[in-house]
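Structural overview for review
Single-letter residue listing:
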Amino acid sequence: MALFDKGVEKTKRSFFEKLSRAVAGRSRVDDDLLDNIEEALVESDMGVDTALKIIDGLEERAERDKYMSFDELVGMLREEIGGLLDVEGAGPVSGSLPFDFSKKPYVILGVGVNGVGKTTTIGKLAALMAREGRKVVIGAADTFRAAAVDQLAIWSERAGVDIVKQQMGSDPASVAFDTVKSAVAKDADVVLIDTAGRLHNRVDLMNELTKIKNVMKKVVPDAPHEVLLVLDGSTGQNAFQQAKEFSRATNVSSLAVTKLDGSAKGGVVIGIVDQFRIPIKFIGIGEGVDDLKLFDKKEFVESLFNIEDLKKQ
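Described in the following lines is the structure provided in the data block. (Residues numbered from 1 in each chain as written. Predicted model: local features only at pLDDT ≥ 70, side-chain atom pairs only at ≥ 80, totals over all residues. Heavy atoms only, no water.)

Along its length, the protein carries twelve helices and eight strands. In the protein, which comprises 313 residues, the share counted as buried stands at 55%. Residue pairs in contact within the protein that sit at least 24 positions apart in sequence constitute 78% of those at least 6 positions apart. As displayed, the protein offers around 13,400 Å² of accessible surface, 47% of which is attributable to carbon and sulfur atoms. (Helix = DSSP H or I, 4+ residues; strand = E, 2+ residues; numbered from the N terminus. Buried < 20%, exposed > 50% of the residue type's maximum accessible area, 1.4 Å probe, protein only. Contact = heavy atoms within 4.5 Å. Areas by Shrake-Rupley, 256 points an atom, 1.4 Å probe, with all protein chains shown as cover.)

The structure is reproduced here in structure tokens:
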């Protein structure tokens, strides 16, 4: 659980400092205390709607027992938040990658705005799958940024997987088409397509995603099997807006949240899953190849609410 502890340390410290202030000197759960807890939840970037849902749950429980200790209150919060993260498709199951590899090649389309770590996430995911013995082909469809293509080429070499790329400025849909076609010819297990880091409010770039998806269907009719939206966990509420716009533009089926270790805004993980009912499948909590971790809601919640280490400091 060490990586999860590392990933939520700043969020946990910030949240429990606010929570401790909220309950200081109190032994009774009343409206004033619930308002203070709600404020602590909102400031952790869970979002107002999710915070209110948690408070409603606490209120129902508190009606049965008006008096409780700090540890009992933390236990209630742990259960409420764990329930919010329990969405269809959440994993992993027995530590396995949360994809249906019976579909071959399994096509994953990576989307997200610039700077969230999308290209790096795709590279790390390729390495993770290659270590499991899967044959992977990467498509460098971010043809607007030379650095993205170069970065993926380095990742493909490091992971020992094939990459399909074209000249800068080429049609991204053409790259995607060639990648899927190459994967079929090579009997590959997985296709990972990196797309241009697009602003969620740019209609032309969003339309390009539709074009990419349509050309891949000419080779694999049910492609893409997964649309993986990469979000920067340190951006807080801006990540909510990105999730909203991308979900509107394309059928996002899973999330990867990066940069959690450098932020006190880890509550955004809880809020986004609750509001959009899209499972988080990966979190990025470092620069190393092994720092892309399968998201396990139970492990995440246990790390977030492990207050014993805070008491020791």
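The next subject is the sheet that holds strand S4 (residues 190–194). The sheet built from eight strands is open, its strands ordered S3-S2-S4-S1-S5-S6-S7-S8 with mixed pairing. In this open sheet, the two strands that pair with only one neighbour each are strand S3 (162–164) and strand S8 (292–294). Ignoring strand direction, the axes of neighbouring strands in this sheet form an average angle of 25°. Where strand S6 (residues 254–258) meets strand S7 (residues 280–284), three bridges bridge the pair, whose relative direction is parallel. The residue bridging Ala256 from the neighbouring strand is Phe282, located in S7. Packing against the sheet, helix H5 (residues 118–131) makes contact with strand S1 (106–111), strand S2 (136–140), S4, strand S5 (226–232), S6, S7 and S8, and its axis sits at approximately 170° to S4. (Pairing = 2+ DSSP bridges. Axes fitted to C-alpha atoms, helices over the stretch in contact; angles between N-to-C directions.)

Once that is clear, we can look at helix H3 (residues 48–62). Along an α-helix, residues three or four positions apart point the same way, because every turn accommodates 3.6 residues. Compared with the 21 Å implied by 1.5 Å per residue over 15 residues, the 20 Å span of H3 between its first and last C-alpha is a close match. Of all the residues in H3, the buried ones are Thr50, Ala51, Ile54, Ile55, Gly57, Leu58, Arg61 and Ala62. Buried residues along H3 cover an arc of 160° about the axis, so they all sit on one side. Exposed residues lying more than 90 degrees from the buried face of H3 are Asp49 and Glu60. Against the buried residues of H3 lie helix H2 (31–43), helix H4 (70–84) and helix H10 (267–276). (Expected span 1.5 Å × (residues − 1). Arc of directions from axis to C-beta.)

Going from Lys104 to Pro105, the amide bond is cis rather than trans, its omega being -5°. With respect to the secondary-structure elements, Pro105 resides in the loop between H4 and S1. With a phi close to 55°, Arg277 is a non-glycine residue in the positive phi region. Here Arg277 is to be found in the loop between H10 and S7.

Tallying each qualifying case throughout the model produces 13 salt bridges. Linking Lys186 and Asp162 is a salt bridge whose minimum nitrogen-to-oxygen distance equals 3.1 Å. Here Lys186 is found in the loop between helix H7 (172–185) and S4, whereas its partner Asp162 is found in strand S3, with 24 residues between them in sequence. Taking relative accessible area as the criterion, Lys186 reaches 34% and is therefore assigned partly exposed. Because the salt bridges share partners, they merge into one network encompassing Lys53, Asp274 and Arg277. (Salt bridge = Lys/Arg side-chain N within 4 Å of Asp/Glu carboxyl O.)

Two aromatic rings are characterised by how far apart their centres lie and by the angle between their planes. A full pass over the atoms with the stated rule returns five aromatic pairs. Put simply, the rings of Phe99, Phe101, Tyr106 and Phe282 touch in pairs and so form one group of aromatic residues. Between Arg134 and the ring centre of Phe101, over which it is positioned, the NZ or CZ distance is 3.8 Å. When the ring centre of Trp155 is taken as reference, the NZ or CZ atom of Arg158 above it lies at 4.5 Å. (Phe/Tyr/Trp six-rings, centres within 6.5 Å; stacked < 30°, edge-to-face > 60°. Lys NZ or Arg CZ within 6 Å of the ring centre and 35° of its normal.)

Across soluble globular proteins, nonpolar side chains show a tendency to be buried alongside one another. Among the nonpolar cores identified, the biggest contains 98 residues, and Leu85, Ile108, Leu125, Met129, Met216, Phe282 and Phe305 are the most heavily contacted of them. Not counting the four nearest positions on each side in its chain, Met129 is found in contact with Leu97, Phe99, Phe101, Ile108, Arg134, Val136 and Val190. (Core = buried A, V, L, I, M, F, W, Y, C linked by side-chain atoms within 4.5 Å.)

Moving on to the pairing of S7. For S7, the buried fraction is high: five of the five residues fall into the buried class. In this sheet, S8 lies alongside S7 in antiparallel orientation, the contact comprising three bridges. Bridging from a neighbouring strand, Phe282 pairs with Leu294 of S8.

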